[in-house]
Amino acid sequence: PDRTNRRAMRLRVGYHTGPPDDAKLLCVPAPTKRGHKRDPGPKFGEEGFSNSPAAHLHHRGILVVKGIYPPSLREETPCNTYDEHRKQRPFPQGDLQGTFGKTSGKMVATRKQVWLKQQSAPWSEKVWRAVRQQLLHLRLMHPKHHFYDGHTVLCTKKGSSSQCIHRDFPTGGHLSTRRTPTDGCYLYPISVLIATSPEGRWLGLEGKEPIHINQWDAFVFRGDLKHNGMGYGKYNEGQHFYVGCAIGGRGGKYAKYAPRNAVIVDL
């Protein structure tokens, strides 16, 4: 077949080159316009789409959104000690949960997370609305198929160790095998890890050196990306939004998927 037909065939089966092989970690500024929900940038198959945030998320697994935390809420958000967050009345199943240490399955006292209820932590809902709007604008989130799936505060105490390598969304049906985007957005659950401490936040990646973001920036990564939280020499805090994905939204049908085991990020 001629070149035009080959190109059409590749698009039909979901072929896409994505960013160049030597592309670095993509850092994009958070959108500043209010009310503008969708980026009118290049569509799938058009020139320029391969360097879009959605293409980087799909092919590289992770990117950074700078300044994602709304400036108007930075003073309102408690960021002192994890005892402050206990007052926000987390989910009933337990206000505090240790997170995994270096050994899989081992809970450690120096790493805690607090699951927030938006009813008792009003600032949580405000932050989610702002983060959601920015994810929609960047086409990292679909307005119909993605949904809020939880908000935690990660409290890492002084002298903590690193977590074990893990995925935020376990295998077995949470990620789609679709290789083409829907309305310019790939249908994967995603995690949004926001640095709220002045020192920023580190993230470990399997087979790579840890990467760092500054305060109020966020790592946005696919739910099947293998990663781990790092240890700190002093108290450090971050926030984690879980964004679920199902066809039709919450309560919809999850599509089966095969997790990517190869190294996704080239730093």
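Cut-offs and rules
- Residues numbered from 1 in each chain as written.
- Predicted model: local features only at pLDDT ≥ 70, side-chain atom pairs only at ≥ 80, totals over all residues.
- Heavy atoms only, no water.
- Salt bridge = Lys/Arg side-chain N within 4 Å of Asp/Glu carboxyl O.
- Helix = DSSP H or I, 4+ residues; strand = E, 2+ residues; numbered from the N terminus.
- Buried < 20%, exposed > 50% of the residue type's maximum accessible area, 1.4 Å probe, protein only.
- Core = buried A, V, L, I, M, F, W, Y, C linked by side-chain atoms within 4.5 Å.
- Contact = heavy atoms within 4.5 Å.
- Pairing = 2+ DSSP bridges.
- Axes fitted to C-alpha atoms, helices over the stretch in contact; angles between N-to-C directions.
- Expected span 1.5 Å × (residues − 1).
- Phe/Tyr/Trp six-rings, centres within 6.5 Å; stacked < 30°, edge-to-face > 60°.
- Lys NZ or Arg CZ within 6 Å of the ring centre and 35° of its normal.
- Polar contact = N/O pair within 3.5 Å; in protein donor to acceptor, adjacent residues only side chain to side chain.

**Description of the pattern of salt bridges**
It is possible for side chains of opposite charge to pair when their charged atoms get near one another.
Then step 1. Evaluated as defined, the whole model comprises five salt bridges.
Then step 2. Residue Lys-66 pairs with Asp-217 through a salt bridge whose shortest N-O separation is 3.2 Å. In this pair, Lys-66 sits in strand β2 (residues 62–66) while Asp-217 sits in the loop between β8 (211–213) and β9 (218–222), placing the two residues 151 residues apart along the sequence.
Then step 3. Classification of Asp-217 by relative accessible area gives buried; the value is 5%.

**Some thoughts on the nonpolar core**
Then step 1. With 32 residues, the main nonpolar core has Leu-135 and Val-192 as its most contacted residues.
Then step 2. When residues of this core are traced back to their parent elements, those giving at least two are β2, α4 (122–137), β5 (146–156), β6 (190–195), β9 and β11 (236–245).
Then step 3. Counting residues per element, this core draws most heavily on α4, at six residues.
Then step 4. With sequence-adjacent residues up to four places away left out, Val-192 is seen in contact with Ile-68, Val-131, Leu-135, Ala-218, Phe-219, Val-220, Gln-239, His-240, Phe-241 and Val-243.

**Structural notes on the sheet that holds β8**
Then step 1. The sheet built from three strands is open, its strands ordered β8-β7-β10 with antiparallel pairing. Two strands close off the open sheet at either side, each with one partner strand: β8 and β10 (227–229). Across this sheet, the average inter-strand angle for adjacent strands is 30°, counted without regard to direction.
Then step 2. As paired strands, strand β7 (residues 201–205) and β10 are joined by three bridges and run antiparallel to one another. Bridge pairing links Gly-204 to Asn-228 in β10.

**Side note on α4**
Then step 1. The end-to-end C-alpha distance of α4, which contains 16 residues, comes to 23 Å, matching closely the 22 Å that a straight helix rising 1.5 Å per residue would cover.
Then step 2. All of the buried residues along α4 are Trp-123, Ser-124, Val-127, Trp-128, Ala-130, Val-131, Gln-134, Leu-135, Leu-136 and His-137.
Then step 3. Phi for Arg-139, located one or two positions after α4, is positive at around 60°.

**Some remarks on the packing of aromatic side chains**
Then step 1. If you walk through the whole model with that rule in mind, you get four aromatic pairs.
Then step 2. Look at Tyr-186 and Tyr-188: their rings are 6.4 Å apart centre to centre, the planes differ by 25°, and that puts the pair in the stacked class.
Then step 3. Three or more aromatic residues joined by ring pairs make a cluster, and in this case those are Trp-128, Tyr-148 and Phe-241.
Then step 4. Against the face of Tyr-188 rests Arg-222, its NZ or CZ located 4.0 Å from the ring centre.

**A word on helix α2 (residues 53–60)**
Then step 1. The element α2 is extensively covered by neighbouring structure, given that eight of its eight residues are classed as buried.
Then step 2. If you check which residues of α2 are buried, you get Pro-53, Ala-54, Ala-55, His-56, Leu-57, His-58, His-59 and Arg-60.
Then step 3. Directly after α2, the chain includes Gly-61, whose backbone phi takes a positive value near 95°.

**Quick notes on the side chain of Asp-224**
Then step 1. Mapped onto the elements of the fold, Asp-224 is located in the loop between β9 and β10.
Then step 2. For Asp-224, a relative accessible area of 0% puts it in the buried group.
Then step 3. Within the structure, the side chain of Asp-224 is placed 2.6 Å from the side chain of Arg-222, a separation counted as a polar contact.

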